[in-house]
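# Per-entry structural report
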Amino acid sequence: IPYSTNPVAKALWFFGFAALQGTMLSGLLLQLSLRGMLHLAVQAAALTAADVAAVSAVVAACPSTNFLWLGGPLAAGLGLLIGANFINMIFRTQTVMHIGFAYFAVALFSGY
């Protein structure tokens, strides 16, 4: 839906999508709450919000196309981090791996 021709329909579709996502996540949060693991969801939400805020701040500070060429490597690095964290959830690794992931993430996202 093009925003320039019909902004109300675009906003309604966005709010509908957000409501659907909230409905889906509420079941997951309820299950985590019943098992006493809600702090994991809060930590994940806080870290995700920090990442999105950092990327948004970079985009707002430099709206030109100078850094668009970094999209591919950043997406690949983010995919690597997500995959490594899934492996970490399945096979409990040592604290050294957590420190390695953290330093890799800092180097990746502060490199640009």
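Residues numbered from 1 in each chain as written. Predicted model: local features only at pLDDT ≥ 70, side-chain atom pairs only at ≥ 80, totals over all residues. Heavy atoms only, no water.

## Some remarks on the overall build of the protein
- Helices and strands together make up the secondary structure of the protein, namely four helices and zero strands.
- In terms of C-alpha radius of gyration, the protein reaches 18 Å, well past the compact-globule figure of 13 Å for 112 residues.
- Projecting the C-alpha coordinates of the protein onto the three principal axes gives extents of approximately 55 × 45 × 20 Å.
- Counting over 112 residues, the protein shows a buried share of 10%.
- Relative to all contacts within the protein whose residues are 6 or more apart in sequence, the contacts with residues 24 or more apart total 53%.
- Entry remark: accessible area of the protein is about 8800 Å², with carbon and sulfur atoms responsible for 75%. (Helix = DSSP H or I, 4+ residues; strand = E, 2+ residues; numbered from the N terminus. Rg over C-alpha atoms; globule rule 2.2 N^0.38 Å. Buried < 20%, exposed > 50% of the residue type's maximum accessible area, 1.4 Å probe, protein only. Contact = heavy atoms within 4.5 Å. Areas by Shrake-Rupley, 256 points an atom, 1.4 Å probe, with all protein chains shown as cover.)

## A short note on the confidence of the model for the protein
- Per-residue confidence for the protein averages 79 on the pLDDT scale, and 92% of its residues sit at or above 70.
- When pLDDT is averaged over each helix and strand of the protein, the minimum, 76, is found for helix α4 (residues 95–110) and the maximum, 89, for helix α1 (residues 7–34). (pLDDT = per-residue confidence, 0-100.)

## Digging into the packing of aromatic side chains
- Across all of its chains, the model carries one aromatic pair by this definition.
- Look at Phe 14 and Phe 15: their rings are 5.7 Å apart centre to centre, the planes differ by 55 degrees, and that puts the pair in the tilted class. As far as burial versus exposure is concerned, Phe 14 and Phe 15 are alike and both exposed. (Phe/Tyr/Trp six-rings, centres within 6.5 Å; stacked < 30°, edge-to-face > 60°.)

## Some remarks on the packing of helix α3 (residues 71–90) against α4
- One can describe the packing of α3 onto α4 by two numbers: an axis separation of 10 Å at closest approach and a directional angle of 165 degrees. Accordingly, the angle class assigned to the pair α3 and α4 is roughly antiparallel. Crossing geometry of α3 relative to α4 is assigned as left-handed. Between α3, through Pro 73, Leu 74, Gly 77, Leu 78, Leu 80, Leu 81, Ala 84, Asn 85 and Asn 88, and α4, the contact on the second element is made entirely by His 98, Phe 101, Phe 104, Ala 105, Leu 108 and Phe 109.
- Looking at the contact of α3 with α4, its residues break down into eleven nonpolar, four polar and no charged. (Axes fitted to C-alpha atoms, helices over the stretch in contact; angles between N-to-C directions. Parallel < 35°, antiparallel > 145°, perpendicular 65-115°, else oblique. Left-handed = near helix turned anticlockwise from the far one by under 90°. Nonpolar A, V, L, I, M, F, W, Y, C, P; charged D, E, K, R; others polar.)

## So, α3
- Between its terminal C-alpha atoms α3 stretches 29 Å, which fits the 28 Å expected from 20 residues at 1.5 Å a residue.
- When α3 is considered as a whole, its buried residues turn out to be Leu 74, Gly 77, Leu 81, Ala 84 and Asn 88. Axial view of α3: buried residues confined to an arc of 90 degrees, hence all on one face. In α3, the exposed positions that point more than 90 degrees away from the buried face belong to Ala 76, Met 89 and Ile 90.
- For α3, the elements touching its buried residues are α4. (Expected span 1.5 Å × (residues − 1). Arc of directions from axis to C-beta.)

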